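Spelled out, the chains give:
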Amino acid sequence: SVILFGIPSEKDDMGSGAYDANGIVQQGIREIKAKFPELIVITDVCMCEYTSHGHCGIIENNNVSNDRTLSYLARIAVSHAQAGADIVAPSDMMDGRIGVIREALDDAGFQDIILMSYSAKYASAFYGPFRDAAESAPQFGDRQSYQMDPSGSFKEALREGQLDLEEGADILMVKPAMAYMDVIKLFEDNFDVPV
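Remarks on the nonpolar core
Moving on, step 1. Counting residues in hydrophobic clusters, the biggest one holds 44 residues, and the most contacted among them are Ile101, Leu105, Ala120, Tyr122, Val183 and Phe187.
Moving on, step 2. Elements represented by at least two residues in this core include exactly α1 (24–35), β2 (41–45), α2 (66–83), α3 (97–107), β6 (114–121), β7 (171–175) and α6 (181–190).
Moving on, step 3. Ala89, Tyr118, Ile171 and Met173 belong to the second-largest nonpolar core, a separate cluster that totals seven residues.

A short note on unusual backbone geometry
Glycine aside, the phi torsion of most residues is negative, and most peptide linkages are trans.
Moving on, step 1. A cis amide bond links lysine 175 to the next residue, proline 176, at an omega of -5 degrees.
Moving on, step 2. Within the secondary structure, proline 176 is located in the loop between β7 and α6.
Moving on, step 3. Notably, asparagine 61 is not glycine yet its phi reads approximately 50 degrees, a positive angle.
Moving on, step 4. Inspection of the secondary structure assignment puts asparagine 61 in the loop between β3 (59–60) and β4 (63–64).

Comments concerning the packing of α2 against α3
Any two packed helices are characterised by how steeply their axes cross, that is the angle between the axes, and by the distance between the axes.
Moving on, step 1. At a minimum axis distance of 9 Å, the contact between α2 and α3 shows a crossing angle of 45 degrees. Considered as vectors, α2 and α3 are oriented oblique to each other. Considering the relative orientation of α2 and α3, their crossing is right-handed. Listed contacts from α3 to Leu70, Leu73, Ala74, Ala77, Val78 and Ala81 of α2 are Arg97, Val100, Ile101, Ala104 and Leu105.

What counts as what
Residues numbered from 1 in each chain as written. Predicted model: local features only at pLDDT ≥ 70, side-chain atom pairs only at ≥ 80, totals over all residues. Heavy atoms only, no water. Core = buried A, V, L, I, M, F, W, Y, C linked by side-chain atoms within 4.5 Å. Buried < 20%, exposed > 50% of the residue type's maximum accessible area, 1.4 Å probe, protein only. Helix = DSSP H or I, 4+ residues; strand = E, 2+ residues; numbered from the N terminus. Axes fitted to C-alpha atoms, helices over the stretch in contact; angles between N-to-C directions. Parallel < 35°, antiparallel > 145°, perpendicular 65-115°, else oblique. Left-handed = near helix turned anticlockwise from the far one by under 90°. Contact = heavy atoms within 4.5 Å.

As structure tokens, this is what we get:
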């Protein structure tokens, strides 16, 4: 299997390249599936790589708007499914995104698409090299308003995982993994889905 992250040639405030039917990830999915149909294709569902401001959502009054972002994330996930993705992996950490994405996928006829949720994604400096490569570092502020506090509690991680399961996640992810093996163990002990 492979997981695809896209870096578009142009970025804008709305991250429109993320849900473009001919976007870089959508093209990549179709190419891979044409040559290797048995390969499992996972796609990152987020906006940070596509936005000119580098945040994972829509900006209102210099803040990321959780609620406005949800429909865009759903649109991205559906466009990936339409291109042939097997698994979509929302990595943004917006509240309620799994339920909105699951509903959008189901409504579009993609009931069998697997949702792998970044359920406990910590606002970590470990992402620095990726953000440099993807030119996706926030142009202002940081991601701590929507990603987890690196020193966050186990209760918060469990709550995030439980909410994602209730909204329809099939797989839960903890990121970055190496620094949070205790949280991985916590998820493994408490949730009956792949972690």
